[in-house]
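The residues making up each chain are set out below.
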Amino acid sequence: MAYNGNQKFKIARMPQWEDGCDISLSISGTKTMDDKSGWIQRISNNSSSAQDVLLPEGKDGMCVIVSNAGADNLIVKEPTGVTTIGTVASGKGHMFVFSAEQNSWYNLFLGN
């Protein structure tokens with residue numbers, strides 16, 4: 001979507017996302033997200049091996065942040081579990097965004 005610079009949108013106070021955070025998740029196998037999953041996922045993987053996180057079926061502009069609070073990697077994949085979108089190392093976080101135009105999830109950025 002293109003913007004012409006005239007549509008300024010200002011937020012007067014800090015937004016609060018209703019039911020948007022899942023911050024106490026421990027996994028030892030595949031984590032499958034759906035449209036009811038919080039868009040912020042803080043996941044602990046201490047299983048001694050990398051574990052898969054399957055993103056939900058995407059909608060245009062949908063964003064998901066995955067933070068790894070565990071010792072072992074999280075392998076973030078498209079919903080089918082076939083295509084890897086990114087690997088989230090211990091202590092790191094990634095933001096993933098869905099493009100309807102490309103019908104695909106993208107690894108938008110890596111944070112510390």
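Residues numbered from 1 in each chain as written. Predicted model: local features only at pLDDT ≥ 70, side-chain atom pairs only at ≥ 80, totals over all residues. Heavy atoms only, no water.

**Considering the overall build of the protein**
Here is step 1 of the chain: When you go through the protein residue by residue, the secondary structure sums to zero helices and nine strands.
Here is step 2 of the chain: Expressed as a percentage of its 112 residues, the buried residues of the protein come to 33%.
Here is step 3 of the chain: Put simply, of all contacts in the protein between residues at least 6 apart along the chain, 37% involve residues at least 24 apart.
Here is step 4 of the chain: For the protein, the accessible surface area stands at approximately 7,400 Å², while carbon and sulfur atoms represent 50% of it. (Helix = DSSP H or I, 4+ residues; strand = E, 2+ residues; numbered from the N terminus. Buried < 20%, exposed > 50% of the residue type's maximum accessible area, 1.4 Å probe, protein only. Contact = heavy atoms within 4.5 Å. Areas by Shrake-Rupley, 256 points an atom, 1.4 Å probe, with all protein chains shown as cover.)

**Some thoughts on the pattern of salt bridges**
Here is step 1 of the chain: Per the counting criterion, the structure on display carries two salt bridges.
Here is step 2 of the chain: For Asp35, the salt bridge is made with Lys36, and the minimal N-O distance between the two is 4.0 Å. Pair check on accessibility: Asp35 and Lys36 agree, each one exposed.
Here is step 3 of the chain: In this structure, the salt-bridge partner of Asp52 is Lys77, at a minimum N-O distance of 3.3 Å. With Asp52 in strand E4 (residues 51–54) and Lys77 in strand E6 (residues 74–77), this pair connects stretches of sequence that are 25 residues apart. (Salt bridge = Lys/Arg side-chain N within 4 Å of Asp/Glu carboxyl O.)

**Focus: the sheet that holds strand E7 (residues 84–88)**
Here is step 1 of the chain: Read from one edge to the other, the open sheet built from four strands follows the order E2-E4-E6-E7, with strand pairing classed as mixed. If you trace the sheet from one side to the other, it starts and ends with strand E2 (31–32) and E7, each paired once.
Here is step 2 of the chain: Relative to E4, E2 is paired through two bridges, and the arrangement is parallel. Bridge pairing in E4 places Lys31 opposite Val53. (Pairing = 2+ DSSP bridges.)

**Let's talk about the packing of aromatic side chains**
Here is step 1 of the chain: Under the defined criterion, the tally for this structure stands at one aromatic pair.
Here is step 2 of the chain: Ring plane angle 65° and centroid distance 5.5 Å describe the contact between Phe98 and Trp105, whose orientation is recorded as edge-to-face. Grouping residues by exposure puts Phe98 and Trp105 together as buried. (Phe/Tyr/Trp six-rings, centres within 6.5 Å; stacked < 30°, edge-to-face > 60°.)

**Brief notes about the nonpolar core**
Here is step 1 of the chain: Formed by 14 residues in total, the largest nonpolar core has its most connected members in Leu55, Val66, Leu74, Val76, Phe96 and Trp105.
Here is step 2 of the chain: Breaking this core down by element, the ones donating at least two residues are strand E5 (63–68), E6, E7 and strand E8 (93–99).
Here is step 3 of the chain: Setting aside chain neighbours within four positions, we find Val66 in contact with Gln41, Ile43, Leu74, Val76, Val88, Lys92, Gly93, His94 and Phe96. (Core = buried A, V, L, I, M, F, W, Y, C linked by side-chain atoms within 4.5 Å.)

**Some words on the pairing of E7**
Here is step 1 of the chain: Taken together, the four bridges between E6 and E7 define a ladder with antiparallel strand orientation. Bridging from a neighbouring strand, Leu74 pairs with Val88 of E7.

**Description of unusual backbone geometry**
Here is step 1 of the chain: Notably, Ser48 is not glycine yet its phi reads approximately 75°, a positive angle.
Here is step 2 of the chain: Take Ser48: it is sitting in the loop between strand E3 (40–45) and E4.
Here is step 3 of the chain: In this model, Asn103 sits at a positive phi of 50°, which is unusual for a non-glycine residue.
Here is step 4 of the chain: With relative accessibility at 59%, the residue Asn103 sits in the exposed group.

Fair warning: the whole summary comes from geometry, so function is off the table for now.
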